[in-house]
Structures are given as structure tokens and as C-alpha cells.
Amino acid sequence: MDKPSIPFNEDDLCGYLLVYFKDQDQSAYMAISNDGYTFTDINNGKPVFLGYELAEQKGVRDPHITRGPDGAFYLAMTDLHIFGQRAGYRDTEFERPAEKYGWGNNRALVLMKSYDLIHWTHSDFRVDKAFPELGDIDCSWAPETVYDPVEKKMMIYFTIRYNNRECHLYYSYPNDDFTKLETTPVRITDIGGLDGDITKVGDKYHLFYVSGAKVLHSVSDRINSGYPIETGRIDPEKVSTEAPNVFKRLGTDKYVLMYDVYGARPSNMGFSETTDFVNYENLGHFNEGVMKTTNFTSPKHGAVTYLTKKELESIKQHWNIEPLSK
């Protein structure tokens, strides 16, 4: 995979890319948008990445995508198929006894990198085998990637659970090829929770995470420590939520907090908009307000990053997509 000869310039960004998964097939999908309001699936509602091709457990969940300062796309996912027994991939409900290890009990992360969203590197990385000093972990969940300007490296952070109850966020630094973790994962904070999402705004880092099936928010001046325990629910839902993800509306001072409203039937994504991370406007769910999808429904655990005009056109040409809504 060759790095483009033209340097990446953030000023060229003008579109949006959404990644998400579906429970039906435990595979990953992508959608694009001109304006950050209306999203069109690039494969007409069919998966771009098949979980059974990428993962040890034959399924992927919780996709997260971001851009590094090198312009590359970093895609990280949970290696897990929760319906693996039903699909014929294993003889038990989960890989190990749920009585001891709980729901899922998966231990690998799927790591992928691309400069053009067409050609990808791929690695399925077993956290427990690489770092036996972590002990007998239950699971590795919901990896995300962010650039650490102090270390000048991409940083992966994800949930590790122990004893079928203790969920905490850990961070590690991957190699440049994004195929493995090079440093032993370390706890970010004493906050108990999962599905962490870190966004740098000014000189502060905003951590959104999940505890008690609701989205909480904490702020630090350091990327991987110093987040105080908070208790106030940020999302406006009355049912269970998870998977917060923040993206900026390009050219504005507005940030969108997106979350998986998995307690809704059918499940959907919810959205709140803020300029100060104190006051939030409820934008509702996909196709129930200003946020729209054109050719897909019920996305789960999504994440949004940004595209240049050239990348938008390249994706539309490669996937034979009709002109997007303005």
C-alpha cells in the first residue's frame, strides 16, 4: 500500500464517511455524505467488509474510522460474531463459557489501513496472546484510534473487561503499518465504562463513554489520563444507548454527538449537536428529523470521518453511485 505523493491537507476536506455494522451478518458497511446530514450507503446497503473473511470469530462489530495526519484511514473493529453458533462457526454460544467470561468473551481486534478506501491492509490481532501480562481477560471491545500529538503516533484505545463485570478503557500504540499493538495496554482512567470516544477540541480532550447503558462525558487536558468521573447523562434518550462518536460539521463550530440507540425497536442512531459541549440540541434519529439515510436502515455502532472532494468522487466512481443529495 503506497502513500500518496501529494501531502494530505485538512483544508481540502468537504465530505463525510460513515462506517457501521449490522447484527444480521456481523459485517461492516460504509456510507458517504456531502453535507453531514444525508448519508448514502456506498454498496447499496450491502457490506463492504465481510466479517467471516476478516475475523477469527467470523464476525466484526463496532467499526471505528479516523484519519491520521498522514491522510490514511485507520479502521478498527471488534472481532466477534455473537450469533456464531447459529451461523455454524462454533458449537457453543460464545467461544468460552459465558458463566465465567460473560457476553462475547472475544479477545482480538481487527486492524485495517488505507489511503484510498479501496486498497486495505488487514490484521487480526490477539490482545491476550501478545500481552500475557494482562492476565485472563474476558474481552477486547470497541477499538478506536486517535492521533496523540505528544507521542506523535496514532493511539488505539478500547475496552477490556475482567471477571465478567469490570469494564475499563485501555490505550496502546500500534506500529506504523497498523497491524499490531507495540506497547502493553494501560488503563486510561479509573472510570468504569466502555465504548470510549476521544475528540480533541482546542487544548482539551473530550471523552464520551458508556456506563449503565447511557452516554456520559468527561474532559481532560491529557489524551489518555486525568478524566474525572462524571454521572450526568448526555444523550437525550429514555432507552439504552451505546457507542458515542463525535464528528465536526466542516466549516462550522458545531460538533455532532452520534450514538447507537440500541434500546429502540427497530434500533437506530441518535444525534445531538453542540458548540460548547455543555448545551446539546437533540437532532433525533435517522429519518425522523434532519439526519437522513437514502438506501439503508438500522445501522449500529457507527463512526464518522471526513473526505476530500477527490475522495468523494473516487468512491462514487468505484462503487457506481448516483449523485448524492445536496
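Above this note sits the structure.
About the cut-offs
- Residues numbered from 1 in each chain as written.
- Predicted model: local features only at pLDDT ≥ 70, side-chain atom pairs only at ≥ 80, totals over all residues.
- Heavy atoms only, no water.
- Helix = DSSP H or I, 4+ residues; strand = E, 2+ residues; numbered from the N terminus.
- Contact = heavy atoms within 4.5 Å.
- Polar contact = N/O pair within 3.5 Å; in protein donor to acceptor, adjacent residues only side chain to side chain.
- 1 Å grid on protein atoms, 1.4 Å probe; cavity = no way out; pocket = protein on both sides within 12 Å on 5 of 7 lines; lining within 4 Å.
- Points joined across faces, edges and corners; volume = space filled by probe spheres on them.
- Nonpolar A, V, L, I, M, F, W, Y, C, P; charged D, E, K, R; others polar.

Novice: How should I be thinking about the environment of asparagine 295 in this particular structure?
Specialist: Relative to the helices and strands, asparagine 295 resides in the loop between β19 (292-293) and β20 (300-308). If we ignore the near neighbours within four places in the chain, the residues touching asparagine 295 are Thr40, Asp41, Asn44 and Gly45. A polar atom in the side chain of asparagine 295 sits 2.7 Å from the backbone nitrogen of aspartate 41.

Novice: What should I look at first to understand unusual backbone geometry in this one?
Specialist: Backbone phi values are negative for most residues with the exception of glycine, while trans is the configuration of most peptide bonds. Residue proline 266 follows arginine 265 across a cis peptide bond; omega there is -5°. By the element assignment, proline 266 lies in the loop between β16 (255-261) and β17 (268-274). Of note in the backbone geometry, lysine 58 takes a positive phi value of approximately 70° without being a glycine. Here the phi dihedral of leucine 117 falls at roughly 65°; this positive angle occurs in a residue that is not glycine. Tracing the chain through its elements places leucine 117 in the loop between β6 (108-114) and β7 (121-126).

Novice: Hey, could you run me through the layout of surface pockets in this one?
Specialist: Leftover empty space is mapped by rolling, across the atoms, a probe with the size of a water molecule. There is about 780 Å³ of room inside the largest pocket. Around the largest pocket sit 30 residues that line it, and Glu10, Thr66, Arg67, Lys200 and Tyr306 are the ones nearest its centre. Residue assignment for the lining of the largest pocket shows that the elements contributing at least two residues are β4 (60-67), β8 (139-148), β12 (194-201), β15 (242-248) and β20. Within the lining of the largest pocket, the residues separate by chemical class into 16 nonpolar, 8 polar and 6 charged.

All we've got here are geometric facts, nothing functional implied.
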